[in-house]
Every structure is written in C-alpha cells, then in structure tokens.
Amino acid sequence: MAKKKGAKKERDPNNSIVATNRRARHDYQILDKYEAGLVLTGTEVKSLREGTANLTDGFAGFSPGGELWLEQVTIPEYLNGTWTNHSARRKRKLLLHHKELVKISRQIEDPGLTIVPMSLYFKGGRAKVEIGIARGKREFDKRHTLKEKQDNREAQRAMRYRNLRSS
C-alpha cells in the first residue's frame, strides 16, 4: 500500500518526546550532552506515557556513592493509581556507564558548571533523559542570544520575501 503524499505520520508510542526544558537553553550555555536511562516505578511510567512531566526546575547531582541522581523533576501522580502511587518530586537514579559518570564528575568540578535535564523521552520503549553539562548565562548573554535569534528571523524573512519576488 502506497503512502499518500500529505498523510500524517503515525505516532510511535515507543519513541516519543514527553517533555523538553526550553528554559535550559535560555538560562544556560550547554557544553556537552549525554543520554541517560531512568529508574522509574510503574505508575511513573504510566504517567509519562500520558505525556505529563516538568523539567523546568530539575537538576542532577552526585551522591556520596558516586551515583548520579535527578532531582526536582515533576512527574505528576498517575490518576488511576492506588496507594502504590509515587510522589511527584522524588529523586530518580540516572543510569550511565561508569566511564561517562567519571567524565561528567570531572567536568562539573569546574566552578559554575551544573547538570541540567534537557528532554525526557521514550526510546525503544524505555524512558530516557538527555542531560547537559551547562554553564549559567549572565543577563547580557541572554539578551545577546535573543537579539541574534531575532536578527536571524528577520534575515530569513527577508530572504524568503526576496525569493518570492524573483520567481
């Protein structure tokens, strides 16, 4: 069966983005990115499959045992859950290879660097989080970034207008 030209793409439940942290790109300069697995309970997975999560206040940190934990990420309680439901803002363990953990711990030893969650998604049926090693932007850096975006948008608009007039 041939696919129609304007047909919508079917949504794959095993590969879907649940939440993105748009504030992270505004507030931080992202230096490096990693993909990590998450240790979740059953009701957390069901709640994520409904597409509800908030990464805005989230960050990651190392425990004294050398494990990486995701904190302040909100996964709301599952509406159809019972007394076994999870708490919305609990700490969640991140799963990374040992070499990656060592590399990340060395990177964040520098002052001013932190670990922020960038996006939360399903990949192959498993919950993953993309974390970034980030340095906080100052106020003038944020203004400069916004001005660059606006200038690029205006340039694209002018080019599009010019191309429409020439044809």
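Above: the structure in question.
First things first, this report covers the structure right here in the doc.

Cut-off values and rules
Once a new chain begins, its residue numbering starts again from 1 and follows that chain's sequence as written. Only residues with pLDDT of at least 70 get local features here, since the model is predicted, and only at 80 or more are side-chain atom pairs given and counted; chain-wide, interface and lining totals rely on the full set of residues. Processing note: side-chain calculations cover all non-hydrogen atoms of the structure and skip hydrogens and water entirely. Put simply, DSSP marks the helices as runs of H or I at least four residues long and the strands as runs of E at least two long, and each gets a number from the N terminus on. Both definitions apply: the radius of gyration is a C-alpha atom measure, and the globule rule equals 2.2 Å times residues to the power 0.38. Aromatic contacts are taken between Phe, Tyr and Trp rings whose centres are within 6.5 Å, Trp giving its six-membered ring; a plane angle under 30 degrees counts as stacked, one over 60 as edge-to-face, and the others as tilted. Whether a charge lies above a ring is judged from NZ of Lys or CZ of Arg, which has to be within 6 Å of the ring centre and within 35 degrees of the ring normal. Whether two residues are in contact is decided by their heavy atoms, any of which lying within 4.5 Å being enough. Strands pair, by our definition, only if DSSP identifies at least two bridges between them. Nonpolar cores are built from buried Ala, Val, Leu, Ile, Met, Phe, Trp, Tyr and Cys residues. Side-chain atoms within 4.5 Å join them into one set. Any residue under 20% of the maximum accessible area for its type is buried, any over 50% is exposed, and the rest in between are partly exposed; the area is computed with a 1.4 Å probe on protein chains only.

Brief notes about the overall build of the protein chain
Thought 1: Looking only at helices and strands, the protein chain has four helices and seven strands in total.
Thought 2: For the protein chain, the α and β elements follow one another from N to C terminus as β-α-β-α-β-β-β-α-β-β-α.
Thought 3: The C-alpha radius of gyration of the protein chain comes to 20 Å, more than 25% above the 15 Å expected for a compact globule of 167 residues.
Thought 4: Counting only C-alpha atoms, the protein chain reaches 65 × 55 × 30 Å along its principal axes.

Quick word on the packing of aromatic side chains
Thought 1: Applying the stated criterion across every chain yields a total of zero aromatic pairs.
Thought 2: Lying across the ring of Phe122, Arg49 places its NZ or CZ 4.1 Å from the centre.
Thought 3: The positively charged end of Lys91 is found above the aromatic ring belonging to Trp69, 5.4 Å away from the centroid.

Topic: unusual backbone geometry
Thought 1: A positive phi angle, close to 60°, is found at Gln72, a residue other than glycine.
Thought 2: Summarising the element assignment, Gln72 is placed in the loop between strand S4 (68-71) and strand S5 (92-95).

Notes on the environment of Thr74
Thought 1: On the secondary structure map, Thr74 appears in the loop between S4 and S5.
Thought 2: Spatially, the C-alpha atoms of Thr74 and Phe62 are 19 Å apart, while their sequence positions differ by twelve residues.
Thought 3: With near-sequence residues (within four places) excluded, Thr74 lies in contact with Ala53, Asn54, Ala88 and Arg89.

Thoughts on the pairing of strand S7 (residues 126-136)
Thought 1: When strand S2 (residues 28-38) meets S7, the two strands line up antiparallel, connected through nine bridges. Residue Tyr28 lies in a different strand from S7, and its bridge partner there is Gly136.
Thought 2: Relative to S7, strand S6 (residues 113-123) runs antiparallel, the two sharing ten bridges. Residue pairing for S7: Val116 is matched across the bridge by Gly132.
Thought 3: Hairpin geometry of S6 and S7 is characterised by an intervening segment of two residues between the two adjacent antiparallel strands and by a positive phi of about 65° at Gly124.

Thoughts on the nonpolar core
Thought 1: In this structure, Leu48, Leu68, Leu94, Leu96, Val129 and Ile131 are the most contacted members of the largest nonpolar core, which totals 25 residues.
Thought 2: When residues no more than four places from it in sequence are discounted, the contact partners of Val129 are Tyr34, Glu35, Ala36, Leu38, Leu70, Leu94, Pro117, Ser119, Leu120 and Tyr121.

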